[in-house]
Amino acid sequence: MSVSEMYDVAVAGGGIVGAACAYACARRGLNVALIERDVLGSGATAAGMGHVVVMDDSDAQFALTRYSQQLWKSIAPTLPASTEYEQRGTLWIAADREEMEAAERKFAWYSERDVSCRILTTRELQEEEPNLAPGLAGALLVCEDGVVYPPTVALELARRAERQGATLLVGHAVHSVGQNRVVLDNGSEIRAHRIVLALGADSARLRPGIPVRKRKGHLVITDRYPGYVRHQLVELGYLKSAHSVSTDSVAFNVQPRQTGQLLIGSSRQFGAEHPQVDQPILRSMLARAAVYLPGIMRLKAIRVWTGFRASTPDKLPLIGPDTSDPSLLLATGHEGLGITTSLGTAELIADILTNQTSAIAREPYLPSRYTPEHQDHTQGENHELDWSHAGLDDGI
Ligand SMILES: Cc1cc2nc3c(=O)[nH]c(=O)nc-3n(C[C@H](O)[C@H](O)[C@H](O)COP(=O)(O)OP(=O)(O)OC[C@H]3O[C@@H](n4cnc5c(N)ncnc54)[C@H](O)[C@@H]3O)c2cc1C
């Protein structure tokens, strides 16, 4: 067994979250090692949609997505063209009057918080997106939301970390972490003052007991149809089924890529751990898309794939010190928002490691919210984690 030099920080996992953490830490002068089993930007980062989106499910979710979106906007001009960042805006589509009321409530909530957005009538929506089905009630346009190509961003962030002095260890699987040590599957050991666990949906495999479950998703990509849609399109309908206890769900979510291709999503499944395409889920996802874009079935799909989100019971990520090992920090559990929130997460991790105050409150994301003491305080003596909220469809 070989033992390395002592790093300030070892980041386990080179998806977008790990790469962003490595870069943020290296930028602050820390001596960083980034360890990735496959290629940089694999895992959910390679499977995700790359919608950079502000969300309003909770104040904490809003704070992290909004902060991250601003970080995306500031880094965007310096990103290479391969990262395909574009500020497309999100159209939250209302199918009927009830959903239009939800759009108006969202509009008021965002406007109070200075998020640039506007309501589109049926006619305005049709003008913006002529391929949408006629007769939809309208939409909320959230203007600053963006689109990126996540694997190339992860690679770029890792390369930036390397230019700041970080060591990239690619092709090495982490076998165990803890007590200032990362043991690789070839038996070699990396020592670090602090270890950041950024293994996405695989995090609980190395740290059993942390409240992260795999949540499978499917995506389809089409051939090139430039201009077929112009914004990220998402249905608001998920609000109606928000109290469904079903673990499988699909929602209309379509993204225009810079190549002219359309990325079509999305699905959510708990308990499906195999990566194979699930035909009934795929069919119902495409049928849902056809309700909103009736011509979509005539487009040529060229690839379908699946990926696993790292889901937590309260739909917020785990960012901060592990509760039992002081050398370990968690940066995982980002579910369907980890591309968006990677940059904000990295800043919070780097703030913790350099004892800096953060731009947003860190408490809502701390792993300590799941300790029995904290659960006693908030839920009485019942220590069962409540996953029912994680089963809700987030619409993205
Ligand atoms: C279908 C789908 C659509 C999505 N759409 C969006 C979206 O539009 N917007 C958005 O913000 N988010 C989206 N997400 C979520 C987003 O993709 C994830 O939250 C994000 O990629 C998580 O990044 P990560 O770095 O934490 O994890 P991952 O990307 O999974 O990275 C973990 C890395 O750790 C590595 N690893 C695992 N085990 C080991 C080990 N033992 N040793 C070494 N390395 C290891 C993996 O190879 C991987 O590279 C989507 C996800 C899915 C599945």
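Further up the page is the structure itself.
The model shown is predicted, which means the values in this text are computed figures rather than measured ones.

Scoring rules and cut-offs
- Residues numbered from 1 in each chain as written.
- Predicted model: local features only at pLDDT ≥ 70, side-chain atom pairs only at ≥ 80, totals over all residues.
- Heavy atoms only, no water.
- Axes fitted to C-alpha atoms, helices over the stretch in contact; angles between N-to-C directions.
- Helix = DSSP H or I, 4+ residues; strand = E, 2+ residues; numbered from the N terminus.
- Parallel < 35°, antiparallel > 145°, perpendicular 65-115°, else oblique.
- Left-handed = near helix turned anticlockwise from the far one by under 90°.
- Contact = heavy atoms within 4.5 Å.
- Nonpolar A, V, L, I, M, F, W, Y, C, P; charged D, E, K, R; others polar.
- Pairing = 2+ DSSP bridges.
- Core = buried A, V, L, I, M, F, W, Y, C linked by side-chain atoms within 4.5 Å.
- Buried < 20%, exposed > 50% of the residue type's maximum accessible area, 1.4 Å probe, protein only.
- Salt bridge = Lys/Arg side-chain N within 4 Å of Asp/Glu carboxyl O.
- Near = heavy atom within 4 Å.
- Polar contact = N/O pair within 3.5 Å; in protein donor to acceptor, adjacent residues only side chain to side chain.
- Phe/Tyr/Trp six-rings, centres within 6.5 Å; stacked < 30°, edge-to-face > 60°.

At their nearest, the axes of helix α1 (residues 16-27) and helix α6 (residues 150-163) sit 8 Å apart, and the two run at 25° to each other. Relative to α6, α1 is oriented roughly parallel. Classified by chirality, the crossing of α6 by α1 is left-handed. Taken together, the residues of α6 that come into contact with α1 (itself represented by Ile16, Ala19, Ala20, Ala22, Tyr23 and Ala26) are Pro150, Val153, Ala154, Leu157, Ala158, Arg160 and Ala161. Its residues assigned to classes, the contact of α1 with α6 shows twelve nonpolar, no polar and one charged.

Angle between the axes and distance between the axes are the two parameters that describe a pair of packed helices. Two elements in contact, α1 and helix α9 (residues 338-353), have axes whose closest approach is 8 Å; the angle formed by their N-to-C orientations is 35°. In this structure, the crossing between α1 and α9 has a hand that is right-handed. Of α9, the residues touching α1 (which contributes Ile16, Val17, Ala20, Cys21, Ala24, Cys25 and Arg27) are Gly338, Ile339, Ser342, Leu343, Thr345, Ala346, Glu347, Ile349, Ala350 and Leu353. Within the contact of α1 with α9, the residues separate by chemical class into twelve nonpolar, three polar and two charged.

Here we take up the sheet that holds strand β16 (residues 301-311). Read from one edge of the open sheet, eight strands run β5-β6-β4-β13-β14-β15-β12-β16, paired in mixed fashion. Single-partner strands in this sheet number two, and they are β5 (117-121) and β16. Sheet twist, expressed as the average angle between the axes of neighbouring strands with direction ignored, equals 20°. Packed on one face of the sheet, helix α4 (residues 97-112) meets β4 (90-94), β5 and β6 (138-142) and runs near 160° to β5.

Below, the discussion takes up the nonpolar core. Counting 49 residues, the largest nonpolar core has Val32, Trp72, Leu157, Val196 and Ile349 as its most contacted members. Counting only elements with at least two residues in this core, the list comes to β1 (3-12), α1, β2 (32-36), α3 (59-75), α6, β18 (328-332) and α9. Looking at this core, the element that brings in the most residues is α1, giving ten residues. Setting aside residues no more than four positions away along its own chain, Leu157 makes contact with Ile16, Ala19, Ala20, Tyr23, Ile75 and Leu343.

A few words on the pairing of strand β11 (residues 189-197). Examined bridge by bridge, strand β10 (residues 181-184) and β11 share three bridges and lie antiparallel to one another. Its bridge partner lying in β11, Arg181 is registered against Arg191. Hairpin geometry of β10 and β11 is characterised by an intervening segment of four residues between the two adjacent antiparallel strands and by a positive phi of about 90° at Gly187. Two strands pair when backbone bridges link them, and β11 and β18 are joined in this way by three bridges, in the parallel orientation.

So, about the pattern of salt bridges. Under the criterion given, the structure shown has 29 salt bridges. One salt bridge in this structure joins Glu84 and Arg257, with 2.9 Å as the shortest N-O distance. Here Arg257 lies in the loop between β14 (249-256) and β15 (261-270) and Glu84 lies in the loop between α3 and β4, a separation of 173 residues in the sequence. Classification of Arg257 by relative accessible area gives buried; the value is 7%. Where Glu189 meets Arg181, a salt bridge forms, and the shortest distance between an N and an O atom there is 2.5 Å.

Turning to the site of the ligand, a few remarks are in order. Around the ligand sit 36 residues, and of these Glu36, Thr45, Val174, Glu335 and Thr340 come closest. A distance of 3.4 Å is found between an oxygen atom of the ligand and a backbone nitrogen or oxygen belonging to Gly50. A distance of 3.0 Å separates an oxygen atom of the ligand from a polar atom in the backbone of Gly338. Of all the elements in the fold, those that place two or more residues in the shell around the ligand are α1, α2 (43-47), β16 and α9. Looking at the shell around the ligand element by element, the count peaks at four residues for α2. Its residues assigned to classes, the shell around the ligand comprises 14 nonpolar, 16 polar and six charged.

With that out of the way, let us pick up the environment of Pro256. One can find Pro256 in strand β14. Sequence separation between Pro256 and Pro317 is 61 residues, and the spatial gap between their C-alpha atoms is 27 Å.

A separate point is the packing of aromatic side chains. Note on aromatic pairs: each is described by the distance of the centres and the angle between the planes. Applying the stated criterion across every chain yields a total of six aromatic pairs. Summarising the aromatic geometry, the rings of Phe62 and Tyr110 are spaced 6.3 Å apart at their centres and angled 35° between planes, so their arrangement reads as tilted. Here Phe62 is found in helix α3, whereas its partner Tyr110 is found in helix α4, with 48 residues between them in sequence. Its relative accessible area of 0% is what places Tyr110 among the buried residues. Between Phe252 and Tyr292, the aromatic rings sit 4.6 Å apart at their centres with planes inclined by 5°, giving stacked as the arrangement. Placement of the pair is Phe252 in strand β14 and Tyr292 in helix α8 (residues 279-292), with a sequence separation of 40 residues.

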